[in-house]
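# Structural features, examined
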Amino acid sequence: MLLWNGKLVNEEDVRVSYHDRGYYFGDGIYEVFRIYQGHLFEKEAHLDRLYNSLAEIKIRIPWSREELSDQLDQLRDTFGEQDGMLYLQFTRGEAKRAHAFPASSTAVMLGYCEPLARPVDAIENGIATITCEDVRWLRCNIKSLNLLPNTLAKQEAAEAGATEAILIRTDNTVTEGSSSNLLIVKNGTIYTHPDGPLILSGITKKVIERIASELQIPYVQRSFTREELMAADEAMITSTTMEAAPVITIDGQPVGTGTPGPVTRRLQEAYLQQVHALLAG
Ligand code: PLP
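Residues numbered from 1 in each chain as written. Predicted model: local features only at pLDDT ≥ 70, side-chain atom pairs only at ≥ 80, totals over all residues.

## Quick look at the packing of helix α6 (residues 203-214) against helix α8 (residues 262-280)
Helix packing for two helices is described by the angle between their axes and how far apart those axes are. Threshold: Between the N-to-C directions of two axes lies an angle of 0 to 180 degrees, each axis being a line fitted to C-alpha atoms and, for a helix, fitted only over the stretch in contact. Helix and strand assignments follow DSSP, with helices taken as H or I runs no shorter than four residues and strands as E runs no shorter than two, numbered in order from the N terminus. When an angle is under 35 degrees it counts as roughly parallel; over 145 it counts as roughly antiparallel; between 65 and 115 it counts as roughly perpendicular; any other value is oblique. We call two residues in contact when the distance between their C-beta atoms, placed using the backbone, is within 7 Å.
Packing of α6 against α8 leaves a shortest axis separation of 10 Å and a crossing angle of 110°. Taken as axis vectors, α6 and α8 run roughly perpendicular relative to one another. Residue-level inspection shows Val-207, Ile-208, Ile-211 and Ala-212 of α6 in contact with α8, the latter providing Leu-267, Ala-270, Tyr-271 and Gln-274.

## Some thoughts on the domain arrangement of the protein
Which entries qualify depends on this criterion: Where a domain begins and ends is set by an automatic assignment or by a domain database. Classes in brief: Ala, Val, Leu, Ile, Met, Phe, Trp, Tyr, Cys and Pro nonpolar; Asp, Glu, Lys and Arg charged; the others, Gly included, polar.
Examined at the domain level, the protein breaks down into domain 1 (2-115) and domain 2 (120-280). Between domain 1 and domain 2, the residue contacts involve 22 residues of the former and 14 residues of the latter. In terms of residue count, the dominant contributor to the side of domain 1 that touches domain 2 is strand β3 (residues 28-36) (eight residues). Broken down by class, the residue content of the side of domain 1 that touches domain 2 amounts to nine nonpolar, eight polar and five charged.

## A look at the nonpolar core
Let me state the cut-off plainly: A set of buried residues qualifies as a nonpolar core if it consists of Ala, Val, Leu, Ile, Met, Phe, Trp, Tyr and Cys joined through C-beta atoms within 7 Å. With C-beta atoms placed from the backbone, a residue is labelled by how many other C-beta atoms lie within 10 Å of its own: buried for 20 or more, exposed for 12 or fewer, partly exposed between the two.
Membership of the largest hydrophobic core comes to 37 residues, with the highest contact counts inside it found for Ala-235, Ala-245 and Val-247. Core analysis: the next-biggest nonpolar cluster, separate from the first, contains 16 residues, Phe-41, Ile-59, Leu-72 and Cys-113 among them.

## Some words on the confidence of the model for the protein
Which entries qualify depends on this criterion: A residue's pLDDT is the predictor's confidence in that residue, given on a scale from 0 to 100.
Put simply, the protein has an average pLDDT of 98, and 100% of its residues get 70 or more. For this predicted complex, the interface confidence comes out at an ipTM of 0.99, alongside a pTM of 0.98.

## Remarks on the sheet that holds strand β4 (residues 39-41)
What counts, and what does not: Strand pairing is assigned whenever DSSP detects at least two bridges linking the two strands.
One open sheet accounts for six strands, arranged β2-β1-β6-β5-β3-β4; its pairing is antiparallel. Because the sheet does not close on itself, it has two edges, and the strands there are β2 (7-9) and β4. Going from strand to strand, the sheet's axes swing by 30° on average, the running direction of each strand aside. Where β3 and β4 come together, three bridges link them in antiparallel fashion. Counterpart to Arg-34 in the pairing with β4 is Phe-41. Strand contacts of helix α3 (residues 65-79): β1 (2-4), β2, β3, β4, β5 (84-91) and β6 (108-115), with the helix running at about 35° to β6, the strand carrying the most contacts. Contacts from α8 reach β3 and β4, with the element oriented near 145° to β4.

## Topic: the site of the ligand
Quick note on the threshold: For each residue, a C-beta atom is positioned from the backbone; the residue is called near a molecule or strand if that atom sits within 6 Å of it.
As a structural note, the neighbourhood of the ligand is formed by 14 residues, with Leu-200, Gly-202, Ile-203, Thr-204 and Thr-240 the closest of them. For the shell around the ligand, the elements supplying multiple residues, two or more each, are α6 and β14 (234-239). Sort the elements by how many residues they give to the shell around the ligand and α6 lands first, with three residues. Among the residues forming the shell around the ligand, the class breakdown is three nonpolar, nine polar and two charged.

Written as C-alpha cells, this is what we have:
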C-alpha cells in the first residue's frame, strides 16, 4: 500500500500530473524514516525536520501533525514487522508551469515503505570514500527534492568504486557526505560541522551526539578542513539508512589505521542498544 494524499491506496490509484511542481522544479521536500522490525526509529525528530522543511519552502499541508503521524503508523502497519524505510514526500502540487508559486495549489503527498536490511558489511568493515567539491546551494538544512549536486557526487563515488562522496567547499571547509553527515575523531574528541545552512541536520548525527554525551566522549560542533580530515584518527558517516559507518579510506588514503576505530565502535554499540530499546519498548 502507498500513502497518497492522506489515504492508503494501491499503486494503480496513484496518478501524478505532469504539471506537478515537483516534476518541473523539484519544488518539494522529503523525509526518510527508518523502520526496525516494524518500529519507526526517531519518528518525532523526523517529523520535526519535515515540518521545518515544509515551513522553509512555504508548503502548507491540510493535516495536523497528529493526523499525519497516524497516517504514517497506518502505512507502517501495512508493511509488517520487517526492517525497512518509510519514504515520504510533499510537493507544492499541480499548476501550469511558472516559477512563482501558483495563487492556489494543493500539496501532493506520497509515502511508501520498502524493505531495507541493515548495511552490516559497511557497519562492520567500513567504507571507501572520495572527496568532491561541495557545489550545493546555501540552504542545505532543507531536505529538498532538488538533489542533483548530491546525485552527481554520489555517482562520482560509485564510478571510483567508493560508497560515499565527502563534500568540501571551495574555502576548504568539509561539510558532509552526499547523503550522510560526517564526523571525525582526533585525540579522542569527535568533531562535526555545526548544524546550519551548509548541511542537513541529520537525525542519526543527533542520536550520536546524545550517545557521545552519555558515554562522556567529547563532541564538538565546529567545521574542519581537508587537512584535518586526512589527519583524523577515525572518521564515520551517519545516516538513517547507513547508521554510523566507519570511513576507512578517503581518496585511496587510509584513515588512521585504515580499520574501524575504537570510538566509532563504542558509538555503534550504543546505537544498536538504542534500536534494541525501541524494539523492547
Ligand atoms: N546529509 C545529507 C545531504 C543527507 O541526504 C542525509 C540523509 O539522507 C543526511 C545528511 C543524514 O541525515 P539522517 O541522519 O537524518 O538520515
